[in-house]
Amino acid sequence: MDIFQYILPVFSPDVLLVIALGTLGGIIIGALPGLTATMGVALLVPITFGMDPVKGLNMLIGIYVGGIYGGCISSILIKTPGTPASAATVLDGYPMAMKGEAGKALGMATIASAIGGLFSAVVLATLAPQLAAMALRFGPAEYFSLALFGLTIIASLSGDIVKGTIAGMLGVLLSCVGADPISGAARYTFGYTGFAAGFSFTPALIGLFAISEIFIQLESIFEDRVSKVSVAGIWPSWTEMRESAGTLLRGSIIGTIIGIVPGVGSGTASWISYNESRRASKTPEKYGTGHMPGVAATESANNAVCGGALVPLLALGIPGDVVTAVLMGGLMIHGLAPGPLLFQEHPGVVVGLFTGNFIANIFMFIFGMAGITYFAKILLVPKKILTISIALFCFIGSYAINLNVFDLYTMLGFGLLGYGMQKFGFSQAALCIALILGPMAEANLRLGLLNVDNDLIRFCASPITLLFLALTPLSLAWPILQERRAKKKAAVAKTL
Amino acid sequence: MNRNSDFWLSLVVLGFCAVASVLTLDVPTNGTGGTVGPSFLPWLMIGGMSLFALILMWRSQRHAPAAMAPFGARLLTQLGGFLILMLLYAWAYEPVGYLISSVVFFVVALLVLGERRLLQLLLVPPGVVGSVYVVFAYAMQVYMP
C-alpha cells in the first residue's frame, strides 16, 4: 500500500481549512466553562454529514483536540475548569497566574498539550491494533483496581492526609446520591426527582473550584485588598523546559495508556499524571503553589488521551471516552463501521484520520501560542466586573449541560462546600478525584463480584488487577514516607 | 480560629456522619444477588469518615492547628448577602429568562461590591450580558432561557 496516496489528500487546502476551523472552534468551546469537547463534537456531527468522510471526521477530531486543550485557558486564568479534563490544571496554573505568570502558564500548557497530543498521535499511527488488544483485557476487576489506585492520589495531593481522606470519603459518599448503578435502588433522593440522576459532575466541579474562588475574591474586594495581576512572557525558559522534560514524557505516556483503556477519560489521566509527577519530583512541596511542571503534567496527559482514545475506537470499534463515543456516531453516519475491518476496507480513511489528528495538534499549538497574549488580557479586567462575569459564566455553563435549574443549585451547594473546605484546610482536589473515581470503583467492584459469584480470589486473579492492587498500598505509603524523610532532614539540618 | 478549630470540625464531621447513618438505613442492603449491596459503599465511607474525624479530634488535642484569618461579622454578612443574590439569580434564571435576570443580577452585584459610578452601572451589565448571549445563543447554538 502506498501510504502517501492516503496522506497527501489531507494536506489539500479544503481539508486543512476544516481541521483548522474545527481546532479553533474546539479551543473556544473548551475555554468556555460548561461547554465540553463532547458537546462541540455532538453539535457538529450533523454539519459534517455532507462532507467527504476524511474531511468531516477530521473536523470533528480538530474540535476534540482543541476542546480538550481549551479547557486549560479558563482553568489557569479564572480558576474555572473549562472542561473536567482540565480540573487538575487549576492546582498550579491558577497560582502561576496570580503570581503574574499567566502567559508562561498558558505557554507551558500549550506546549505540553501539543507534546502529549503529538506523542499519542504517533502511538496511534504506529501501534493502534496491538495496543487495542491490551484494552480488551480490562474487565470490571481491572477497572476497580485502577480506580482504587487512582483514589490513592488523594493521600499525596491533600497535604493534610487526615483532612484529605475525610474530603475524599465525603466525595465518594456524595457520588452515591441518586440511583444505584447496579440495582437502580434510590439512595439519598428524599423522593425528589432532581436527585435521581445524582449530582451532575460539571456543575459540581464549577461550584467546587469557581464559585468557591468567587467567594475568596469577594473577600478581597470587600476588604479592599485587590491586587493588580500582570501578564508577562509566554515562552518558558530552557531551564524550565528542561525541568519539565521528564514530566512531559511521563504525562504523554500516562495519557496515551489511560486513553486506550475504554471509559476512563482525560480527567483521570491528568490527576494520575499530576500525582506521578509530584511523586517523582525532588521538590514535591512546590506543587500546588504555581509550579510549572504541575501544569506540564496535567496538560500533556489530558491531550495525550485524545490519540489514545482513538486506538480502541478505530481498531476495535470501542469508544475510549464520551467524546469518542460521539465520534463513533460520526463514523457511522458516514457508513463506516469502526473495528478491525475498517483498516482493511477503508485504509484511506484510517490513514487520513491518523494524519488529521497529527495536523490538529499542530494547529492547536499554533492557535494556542498565538492567542495567549489575548487570552491573558482577561486578567486585566477590573476585579469587580471580572468576578461577576465569572459568576455569569458559571451559571450559563452549569445550566447548559442538562438545561436543568437543579444544576444551578448543585453548583451553588458545591461552591459553598468548596469555600468552607478551602477555609478549613480540606482539599477540594481530593473531593473532585473522589467524585470522578468513586462511581467507577463502586460499579466495577459490584459488577466484578457478581461475575465471579463473590469469590474475592477469582476477582483479584488477573495480573493487571494484581499489579494495581499491589501498587495501591505503595502509593498510599509513599507520601507518608516522604513526609517523614523531609521531617528527619529538617531535624538534622536544625542540629547542624 | 483558635487552637481547637480542628476539634469543632471533627464534631461537625461526626454530626454529619450521624445524619448520613440515619439516612443510609433507608438504602437497601442487598443488591441483585451479590453480597455487596447499594448501601455497602455509603456505610464504608461513613465508617471511614467517623474514624478519621476521631483521629482529627485526637490530633487537635495534641497539636494546635495553624492559625487562620478570622471571619468578621461584617464580612460574613456581605458574603451571605452575595450568596442570597446568587440564589435569587438561580431561582429567576429560567422563569424570568437569561437576559433580564442576568442584567439585574449584574447591576445589583456591582452595587453590593461598592460600585457607584453611574456609567459603569448602566453600560457594563447590558454590554457583558448581551455579548455573552450572542456568543452562546448564536455562535455556539446553546439554548438560553
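Structure first, text after, so check above.
Here's a quick rundown of the structure. Keep in mind the model is a prediction, meaning the values are calculated, not measured. (Residues numbered from 1 in each chain as written. Chains lettered and ligands numbered in written order. Predicted model: local features only at pLDDT ≥ 70, side-chain atom pairs only at ≥ 80, totals over all residues. Heavy atoms only, no water.)

Thoughts on the pattern of salt bridges
(1) Moving on: Taken as a whole and judged by the stated rule, the model has 13 salt bridges over all chains.
(2) Moving on: For the salt bridge of Glu442(A) with Arg187(A), the shortest nitrogen-to-oxygen distance reads 2.7 Å. Of the two residues, Glu442(A) sits in helix H19 (residues 428-451) while Arg187(A) sits in strand E2 (residues 186-187), which places them 255 residues apart along the sequence. Both residues of the pair, Glu442(A) and Arg187(A), belong to the buried class.
(3) Moving on: Two residues, Glu115(B) and Arg117(B), come together in a salt bridge whose shortest N-O distance is 2.9 Å.
(4) Moving on: Classification of Glu115(B) by relative accessible area gives buried; the value is 6%.
(5) Moving on: Through salt bridges with shared partners, a single ionic network connects Asp160(A), Lys163(A), Asp6(B) and Arg59(B). (Salt bridge = Lys/Arg side-chain N within 4 Å of Asp/Glu carboxyl O. Helix = DSSP H or I, 4+ residues; strand = E, 2+ residues; numbered from the N terminus. Buried < 20%, exposed > 50% of the residue type's maximum accessible area, 1.4 Å probe, protein only.)

Examining the interface of chain A and chain B
(1) Moving on: Each side of the interface is counted separately: chain A has 59 residues, and chain B has 66 residues.
(2) Moving on: Summed over both partners, the interface of chain A with chain B comes to about 5,700 Å²; 82% of that surface belongs to carbon and sulfur atoms.
(3) Moving on: Its largest share of buried area at the contact with chain B, chain A owes to Phe222(A), Ile388(A) and Leu392(A), together 12% of the area lost on that side.
(4) Moving on: The interface formed by chain A and chain B holds two salt bridges in total. (Contact = heavy atoms within 4.5 Å. Buried area = accessible area lost by both parts, 1.4 Å probe.)

Details of unusual backbone geometry
Residue and element names in this part refer to chain A.
(1) Moving on: The backbone of phenylalanine 190 sits at a positive phi, close to 55°, despite the residue not being glycine.
(2) Moving on: Residue placement: phenylalanine 190 occurs in the loop between E2 and helix H10 (201-222).
(3) Moving on: Judged by its relative accessible area of 59%, phenylalanine 190 is exposed.

Some words on the side chain of Thr89(A)
Residues and elements named next belong to chain A.
(1) Moving on: Relative to the helices and strands, threonine 89 resides in the loop between helix H4 (53-78) and helix H5 (90-98).
(2) Moving on: By relative accessible area, which is 1% here, threonine 89 ends up buried.
(3) Moving on: Sequence-distant contacts of threonine 89, defined by excluding residues within four places in its chain, comprise Cys72, Ser75, Ile76, Tyr94, Val295, Thr298, Glu299 and Asn302.

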